[in-house]
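Chain by chain, the residues:
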Amino acid sequence: MNIGDEYEVIVEKLTNLGYGLAKIDNFVVFVEGACPQDKLKIKIIKKNKNYANAKIIKIIQPSKNRTEPFCPMQKVCGACQIQYIQYDYQLKLKQQIVKETISKIGGFDINIPLPVPSPQIKNYRHKIQYPVTQTKNSKRIIAGYYKPSSHELVNIKYCPIQPKICDDIIEYIKENAPKYNITGYTENNNSGDLKHIVIRVSSFNQENLVTLVVNSKKPSEKFIKFGNAIFNEFDSVCGVCINYNSAKTNVIMGNKTDCICGKDHITEEILGKKFIVGPQTFFQVNPKSAENIFSYVKEYIKSHFKEPLILDAYAGISAFGICVSDIAQKVVTIEENPQSVELAQKSIEINNINNLEIHNADAGEYFSNEKRKFDVIILDPPRKGCSEQSLNEAIRLGKSTIIYVSCNPSTLARDLKYLRQKGCQVESIQPFDMFCHTYHIENVAIIKLPE
Ligand SMILES: C[S@@+](CC[C@H](N)C(=O)[O-])C[C@H]1O[C@@H](n2cnc3c(N)ncnc32)[C@H](O)[C@@H]1O
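Residues numbered from 1 in each chain as written. Predicted model: local features only at pLDDT ≥ 70, side-chain atom pairs only at ≥ 80, totals over all residues.

A. Region of the structure containing unusual backbone geometry. The phi dihedral of Ser 318 is positive, around 60 degrees, even though this residue is not glycine. Among the secondary structure elements, Ser 318 is positioned in the loop between β16 (309-313) and α5 (319-324). On the basis of neighbour count, Ser 318 is assigned to the buried category, with 28 C-beta atoms found within 10 Å. (Helix = DSSP H or I, 4+ residues; strand = E, 2+ residues; numbered from the N terminus. Buried ≥ 20, exposed ≤ 12 C-beta atoms within 10 Å, placed from the backbone.)

So, in structure tokens, the structure goes:
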């Protein structure tokens, strides 16, 4: 097999990274934009020792589960990798992916139910982060998502995954920034002003918080004037912030953010509790789907424990802790980001909660200094999962149950394997579709500790 060779294949399945998997004489080929059961003509574009990558030349016979993507930009934009697959079938594929990942990496088999669907499959994304640049010759500002596996920006005018107001705000910024002498960022030589536009939209009251990430270390008059113009243009914009990030880095935001007009936060609501969400704090991007997860976790705790002592680690703004506080004797939350901890404190106050104890610490370090035993431990780590030290400590601190909320099936499977080696039992895994039309999937695993 050589680069440029063409073949006819039938796609066998979807991989955990959203590629179609086909085999040519038992050699694995990953095909972008393919759906299981598609009959395709493909061209090899890359070849490694164990696998090749191919692109579709022609769909000879489409799978019955294909559909026309509702976004005209789907093929060029890297954000919704599998929007061309019918939503119900996306859920089945994600179910299979979780099952296979647990089996392959975790080394055990367990029944995986269908993912709980997202209540909204359009306009669900409430945090938007667009990289910004400018065109070479006309210096026109463009913003959008990168093409798949590249840093080539697709200028997006309309994205049906986010609330419509975001399109309007972004178009306004692109058109008007030059009037304030603000240029788009050029990655190659780390030049230009505007690097990212970040918008948070409250699903509770539809307020928007706009953050301009700028290639600067300090405030300047032009950003302040432009920020005020954005604030005055849109009634629903409740605040505009400037984040300073002059480093040549893939990290979107720098450490320092100034609110230049209005409020520095939006308010969200989950399970009747209010949350203060800032420009740099973690909050679930699909709040309606998140509500299903929070409800599932709360119901599990309520039906198995009476007034438990709960530990909520990797807590962000203590969202789980606050949601379960009214069925708990006490909740202890741990989060390493000081801004999240500060906002958690404010959320505790507005919800009149008096049985929540917050710690600003690394989870592993905090665990090793803790002596209390907890009825329930909630772990909701970032994509990289938990360290072995954290898992060991969670076993030591837990009386009976760990609820592990994960946005990455591979690291969940790895961590479950470790916990099982330490004598834990995985009672159940329930997927939730938080990120429709992408290959991402969230899971909640219920783990029983050794007696
Ligand atoms: C997936 S988010 C979950 C947040 C929260 N549970 C929620 O649902 O909103 C993971 C959180 O873990 C925090 N984090 C990452 N590494 C950590 C560590 N070693 N110790 C404590 N917190 C950490 C991040 O700052 C982030 O807020």
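B. How the structure looks around the site of the ligand. Around the ligand there are 18 residues in total, and Tyr 314, Gly 316, Glu 336, Ala 363 and Asp 380 lie nearest to it. Elements with a minimum of two residues in the shell around the ligand: α5 and β17 (330-335). A class-by-class count of the residues in the shell around the ligand yields ten nonpolar, four polar and four charged. (Near = placed C-beta within 6 Å. Nonpolar A, V, L, I, M, F, W, Y, C, P; charged D, E, K, R; others polar.)

C. Structural view of the nonpolar core. Counting 123 residues, the largest nonpolar core has Val 31, Ile 197, Ile 377, Ile 378 and Leu 379 as the members making the most contacts within it. In terms of residues, this core owes the most to one element, strand β12 (residues 237-244), which gives six residues. Excluding its chain neighbours within four sequence positions, the residues that come into contact with Ile 197 are Tyr 130, Val 132, Ala 143, Ile 170, Ile 173 and Leu 212. (Core = buried A, V, L, I, M, F, W, Y, C linked by C-beta atoms within 7 Å. Contact = placed C-beta atoms within 7 Å.)

D. Structural detail: helix α6 (residues 338-350). A rise of 1.5 Å per residue sets the reference length of α6, with its 13 residues, at 18 Å; its end C-alpha atoms lie 19 Å apart and thus fit the reference within 8%. Within α6, burial applies to Ser 340, Val 341, Leu 343, Ala 344, Ser 347 and Ile 348. Buried residues in α6, looked at end-on, bunch into an arc of 165 degrees, giving them a common side. The exposed residues of α6 that point more than 90 degrees off its buried face are Pro 338 and Glu 349. Those residues of α6 that are buried are in contact with β15 (273-277), α5, β17 and β18 (356-360). Phi for Asn 352, located one or two positions after α6, is positive at around 50 degrees. (Expected span 1.5 Å × (residues − 1). Arc of directions from axis to C-beta.)

E. Geometry of the domain arrangement of the protein. Along its sequence, the protein is organised into domain 1 (1-66), domain 2 (92-119 + 286-448) and domain 3 (127-270). For domain 1 and domain 3, the distance between their C-alpha centres works out to 37 Å. (Domains from an automatic or database assignment.)

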